[in-house]
Amino acid sequence: MGEYDVIVVGAGHAGCEAALASARMGKKTLMFSINLEAVAMMPCNPSIGGTGKGHLVREIDALGGEMGKNIDKTFIQSKMLNTAKGPAVHSLRAQADKNKYHVEMKRTIENTPGLDMRQGEVTDIIVENGRVCGVVTKTHTWYKAEAVILATGTFLAGKIFIGDSAFSSGPNGLAPSCELAANLKKHGMKLRRFKTGTPARCLGSSLDYSKMEEQRGDEKTVPFSFMNDEIGDNKGLCWLTYTNEETHRVIRENFHRSALFGGQIEGIGPRYCPSIEDKVNRFADKKRHQLFIEPEGLDTDEMYIQGMSSSLPEDVQLAFYKTIAGLENIRIVRPAYAIEYDCIDPQDLKLNLEYRAIENLFCAGQFNGSSGYEEAAAQGLMAGINAALKISGREPFILGRDEAYIGVLIDDLVTKGTNEPYRIMTSRAEYRLVLRQDNADQRLTEKSYKIGLADEERYRRYKSKKEAVEKEMIRLTEKTVSPSEVNAFLESHGTSPVNGRISFAELLKRPQITYADLKEIDDETRPELSYHEVTQLEVQIKYEGYIAKQLQQIARFKKLENRRLSEDLDYSEIEGLRLEAVQKLNQIKPESVGQASRISGVSPADINVLLVYLEKRKRGN
Ligand SMILES: Cc1cc2nc3c(=O)[nH]c(=O)nc-3n(C[C@H](O)[C@H](O)[C@H](O)COP(=O)(O)OP(=O)(O)OC[C@H]3O[C@@H](n4cnc5c(N)ncnc54)[C@H](O)[C@@H]3O)c2cc1C
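This write-up is about the structure you can find in this document. (Residues numbered from 1 in each chain as written. Predicted model: local features only at pLDDT ≥ 70, side-chain atom pairs only at ≥ 80, totals over all residues. Heavy atoms only, no water.)

## Focus on the sheet that holds strand β17 (residues 302-306)
Next, step 1: Pairing within the open sheet is antiparallel, and its 6 strands lie in the order β14-β15-β16-β17-β13-β18. Only two strands of the sheet have a single partner each, and these edge strands are β14 (213-215) and β18 (332-334). Each strand of the sheet is rotated relative to its neighbour by a mean of 35 degrees, with strand direction disregarded.
Next, step 2: Looking at chain direction, strand β13 (residues 201-203) and β17 are connected through 3 bridges and run antiparallel. Counterpart to cysteine 202 in the pairing with β17 is methionine 303. (Pairing = 2+ DSSP bridges. Helix = DSSP H or I, 4+ residues; strand = E, 2+ residues; numbered from the N terminus. Axes fitted to C-alpha atoms, helices over the stretch in contact; angles between N-to-C directions.)

This is the structure:
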């Protein structure tokens, strides 16, 4: 039926980024979805970003991906989280209008040259001589391609659980994808069961907001995309309320009717997104749990009850929701449910997200064992880039743990593996002071421009920001003032006076002083810097010492990362390695000594044995 360079199975957050990246790198691309209403569908929380996830969105944007631009067009409320803490953990989060998010992403895909979109269920992948070369759909139609990307999300052998009722289905009542699951197993893929859950949706008109705490967005909204300086004002509110002991009593009395505790669900769920029955069970001493009421969109009265996912029966759901302040007269329009689905063990992948056992078959998103729109989109982007590079015979594009949260995400999945849906967090990134939201473009846009994804306009903006920040850094470092010129200013900002001349950069290092404040004593014409430029300037000056220290740590880290290991190495031939290490190293085939050192079961002693072996080989002994 058609010949393509790249075929993407899935139009979720992973599939969309993969298809756009591949097409934008000049590859003839086809993207499938069982139902085109599922394009960039948000089956769970109506938001993008948050702690660690906001960093991923900025990195996706800096690389030339779409998620950042799409949420800037469709956000309802925007908030910078963790501002009381250091810049490494400042994380942007925006409430999304789900339907508009879907419509905008679908429109972008429809308008992308070289990208075809098709409604259809892929049932088989075609593999010849160990290499994938196309797919077959439910209508027995064959599509040829040089590379295929699997991004099937929570649809693969999807099964829904509500109380004692369990049935085959994808999220939101959409069709599951069962035949492909069977076909992948036939090709030797080891699939396992994970699960996740979502809360009920209700009508806002049935809620009493006077019993809740209003949650407003930030006064000044901040864009996710480096391509935007302004995104307009907040358009909606959220609300905070709490469960209580009565809620917990109703849930506890019905534990036996929960699919989770009833043992029907075999899939492993996300530790960081537990269902309400899980929370009541695990934190029995807690008197209340907070929940947020969030709008699903501006053109609907449907509200999302964040923090209250469940697989209890519908009558129990109604009973416990009604015990909550403000929800006494709740009218539920979609029940809460849990969904189980098939996914792979990401340790069967290479760092470029290629499935080791079938050449040119790439995997991304929830299918790789992660959870979350942002984690999925980041992997989709990398799979799309690497599929395009692989079929052009070019070097893979891999980001290190010291270069990006995307590098941390993929290295954690592929090298360490995961036994539950993996969620990114700032605590997972050891070099987080360098991997901040504000400098994602400085870390990644040049790399993406070189591989042919970031376009000229993005590259121009990145360059001009870089030059503007560097130029102003020099000006502030060279510009000094005398005590008589500055001490009144310092006093007015509640910080100590100086005895000698001091540079503006030194002044800015003081926590009480912002770049905007310096205007009061600046007699020179200051450049008009954008939000993105001022943020980066301030962080680089205020945290200069800490950043320098982290860069030294990174230099040490890179030593082992740059010791490359060939894929053909048979670790059973290396004397002195422990059996467990031999098995793990031969299974994962690490690409560097650094990666080998992060595999669980490979000890520092094993790494020393490996380094000695490599040294001997280098000397030809
Ligand atoms: C009920 C529920 C609750 C969730 N709760 C959370 C949560 O609490 N926290 C969190 O971080 N994340 C949660 N998520 C996960 C979040 O939705 C996903 O992480 C994200 O959507 C994954 O994106 P993806 O692109 O990998 O897959 P999806 O968004 O699931 O998209 C998969 C795509 O693949 C297509 N597809 C599948 N099989 C085929 C086939 N054979 N042929 C053609 N097309 C196919 C589908 O049509 C769809 O377009 C939840 C998801 C669900 C469903």
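## Side note on the site of the ligand
Next, step 1: Near the ligand there are 36 residues, and of these Ala14, Ser33, Val122, Gln366 and Gly372 occur at the shortest range.
Next, step 2: Contacts to the ligand include glycine 372, whose backbone N or O atom sits 2.7 Å from an oxygen atom.
Next, step 3: Relative to its unbound accessible area of 980 Å², the ligand is 98% covered by the protein chains.
Next, step 4: When contributions to the shell around the ligand are tallied by element, the ones reaching two or more residues are α1 (13-24), β2 (29-33), β12 (191-198), β19 (337-344) and α9 (373-391).
Next, step 5: For the shell around the ligand, the element with the highest residue contribution is β12, accounting for 3 residues.
Next, step 6: Residues belonging to the shell around the ligand are distributed by class as follows: 18 nonpolar, 16 polar and 2 charged. (Near = heavy atom within 4 Å. Polar contact = N/O pair within 3.5 Å; in protein donor to acceptor, adjacent residues only side chain to side chain. Areas by Shrake-Rupley, 256 points an atom, 1.4 Å probe, with all protein chains shown as cover. Nonpolar A, V, L, I, M, F, W, Y, C, P; charged D, E, K, R; others polar.)

## Overview of the layout of surface pockets
Next, step 1: Counted as a void, the second largest pocket has a volume near 840 Å³.
Next, step 2: Contributing to the lining of the second largest pocket are 39 residues, with Leu351, Pro396, Ile398, Arg564 and Glu591 lying nearest its centre.
Next, step 3: Contributions of two or more residues to the lining of the second largest pocket are made by α9, α10 (405-416), α11 (440-451) and α16 (544-561).
Next, step 4: Residues of the lining of the second largest pocket, tallied by class, amount to 13 nonpolar, 8 polar and 18 charged. (1 Å grid on protein atoms, 1.4 Å probe; cavity = no way out; pocket = protein on both sides within 12 Å on 5 of 7 lines; lining within 4 Å. Points joined across faces, edges and corners; volume = space filled by probe spheres on them.)

## Here's the deal with helix α12 (residues 456-478)
Next, step 1: Here α12 contains 23 residues, and its C-alpha end-to-end distance of 33 Å stays within 8% of the 33 Å for a straight helix at 1.5 Å per residue.
Next, step 2: Along α12, the residues that are buried comprise Arg458, Tyr459, Arg461, Tyr462, Lys465, Val469, Glu472, Arg475 and Leu476.
Next, step 3: On its buried face, α12 sits against α2 (53-62), α3 (67-74), α11, β22 (502-503), α14 (504-508) and α15 (531-542). (Expected span 1.5 Å × (residues − 1). Buried < 20%, exposed > 50% of the residue type's maximum accessible area, 1.4 Å probe, protein only. Contact = heavy atoms within 4.5 Å.)

## With respect to the nonpolar core
Next, step 1: Counting 103 residues, the largest nonpolar core has Ile7, Leu150, Met189, Ile385 and Ile406 as its most contacted members.
Next, step 2: It is α9 that provides the largest number of residues to this core, a total of 12 residues.
Next, step 3: Setting aside chain neighbours within four positions, we find isoleucine 7 in contact with Leu30, Phe32, Val135, Tyr143, Lys144, Ala145, Ala147, Val148 and Ile149.
Next, step 4: In terms of nonpolar packing, the next biggest core, distinct from the first, is built from 23 residues, Ile276, Ile305, Val316 and Phe320 among them. (Core = buried A, V, L, I, M, F, W, Y, C linked by side-chain atoms within 4.5 Å.)

## A look at the pattern of salt bridges
Next, step 1: Tallied over the full model, the rule gives 60 salt bridges.
Next, step 2: For arginine 193, the salt bridge is made with glutamate 340, and the minimal N-O distance between the two is 3.0 Å. Taken together, the positions of arginine 193 in strand β12 and glutamate 340 in strand β19 put the pair 147 residues apart, joining distant regions of the chain. Of the two residues, arginine 193 and glutamate 340, neither departs from the other in class, the shared state being buried.
Next, step 3: Residues joined by salt bridges that share partners form a network here, namely Arg401, Asp411, Asp412, Lys416, Glu430, Glu561 and Arg598. (Salt bridge = Lys/Arg side-chain N within 4 Å of Asp/Glu carboxyl O.)

## A look at the packing of aromatic side chains
Next, step 1: Scanning the model with the defined rule gives 8 aromatic pairs in all.
Next, step 2: Measuring from ring centre to ring centre gives 4.6 Å for phenylalanine 320 and tyrosine 321, while their planes differ by 50 degrees; the resulting arrangement is tilted. Each member of the pair, phenylalanine 320 as well as tyrosine 321, carries the same accessibility label: buried.
Next, step 3: Taken together, the ring pairs in this structure connect Tyr449, Tyr459 and Tyr462 into an aromatic cluster.
Next, step 4: The ring of tyrosine 422 has arginine 428 lying over it, and the distance from NZ or CZ to the ring centre is 4.1 Å.
Next, step 5: A cation over a ring is seen here: lysine 479 above phenylalanine 504, with NZ or CZ 5.4 Å from the ring centre. (Phe/Tyr/Trp six-rings, centres within 6.5 Å; stacked < 30°, edge-to-face > 60°. Lys NZ or Arg CZ within 6 Å of the ring centre and 35° of its normal.)

## Here we look at the side chain of glutamate 66
Next, step 1: The topology assignment puts glutamate 66 in the loop between α2 and α3.
Next, step 2: Glutamate 66 gets classed as buried once you look at its relative accessible area, which sits at 2%.
Next, step 3: Excluding its chain neighbours within four sequence positions, the residues that come into contact with glutamate 66 are Glu17, Leu20, Arg24, Ile60, Lys73, Met105 and Thr108.

## Observations concerning the sheet that holds β19
Next, step 1: The sheet built from 4 strands is open, its strands ordered β11-β10-β19-β12 with antiparallel pairing. Looking at the sheet topology across the chains shown, the edges are occupied by β11 (165-168) and β12. Each adjacent strand pair in this sheet contributes to an overall mean axis angle of 25 degrees, direction not counted.
Next, step 2: Taken together, the 8 bridges between β12 and β19 define a ladder with antiparallel strand orientation. Its bridge partner lying in β19, arginine 192 is registered against cysteine 343.

## Some remarks on unusual backbone geometry
Next, step 1: In this structure, asparagine 129 takes a positive phi of about 50 degrees despite not being glycine.
Next, step 2: Structurally, asparagine 129 is set in the loop between β7 (122-128) and β8 (131-137).
Next, step 3: At histidine 140, a position not held by glycine, the phi torsion is positive, near 60 degrees.
Next, step 4: Relative to the helices and strands, histidine 140 resides in the loop between β8 and β9 (142-150).

## Comments concerning α9
Next, step 1: End to end, α9 covers 27 Å across 19 residues, agreeing with the expected 27 Å (1.5 Å per residue, within 8%).
Next, step 2: Of all 19 residues in α9, 18 are buried, a share of seventy percent or more.
Next, step 3: One or two positions beyond α9, positive phi appears at glycine 393, with a value near 70 degrees.

## Notes on the environment of glutamate 403
Next, step 1: With respect to the helices, strands and loops of the structure, glutamate 403 is situated in the loop between α9 and α10.
Next, step 2: Through-space distance from the C-alpha of glutamate 403 to that of arginine 443 is 6.7 Å; in sequence the pair is 40 residues apart.
Next, step 3: Apart from residues lying up to four places away in sequence, glutamate 403 is in contact with Ile398, Leu435, Arg443, Leu444 and Lys447.
Next, step 4: From its side chain, glutamate 403 meets the backbone nitrogen of glycine 400 in a polar contact 2.6 Å long.

## Points about the pairing of strand β5 (residues 91-96)
Next, step 1: Most of β5 is tucked away, with 5 of its 6 residues classed as buried.
Next, step 2: In the sheet, strand β3 (residues 47-49) pairs with β5 via 3 bridges, with the strands oriented antiparallel. From the neighbouring strand, serine 47 faces β5, where its bridge partner is glutamine 95.
Next, step 3: Pairing of strand β4 (residues 75-81) with β5 involves 6 bridges; the strand directions are antiparallel. By the bridge assignment for β5, serine 78 is matched with alanine 94.

## As for the environment of phenylalanine 292
Next, step 1: Along the polypeptide, phenylalanine 292 turns up in strand β16 (residues 290-295).
Next, step 2: Between the C-alpha atoms of phenylalanine 292 and tryptophan 239, which are 53 residues apart in sequence, the distance is 5.5 Å.
Next, step 3: Sequence-distant contacts of phenylalanine 292, that is, excluding residues within four places in its chain, are made with Gln215, Trp239, Leu240, Tyr304, Ile305 and Gln306.

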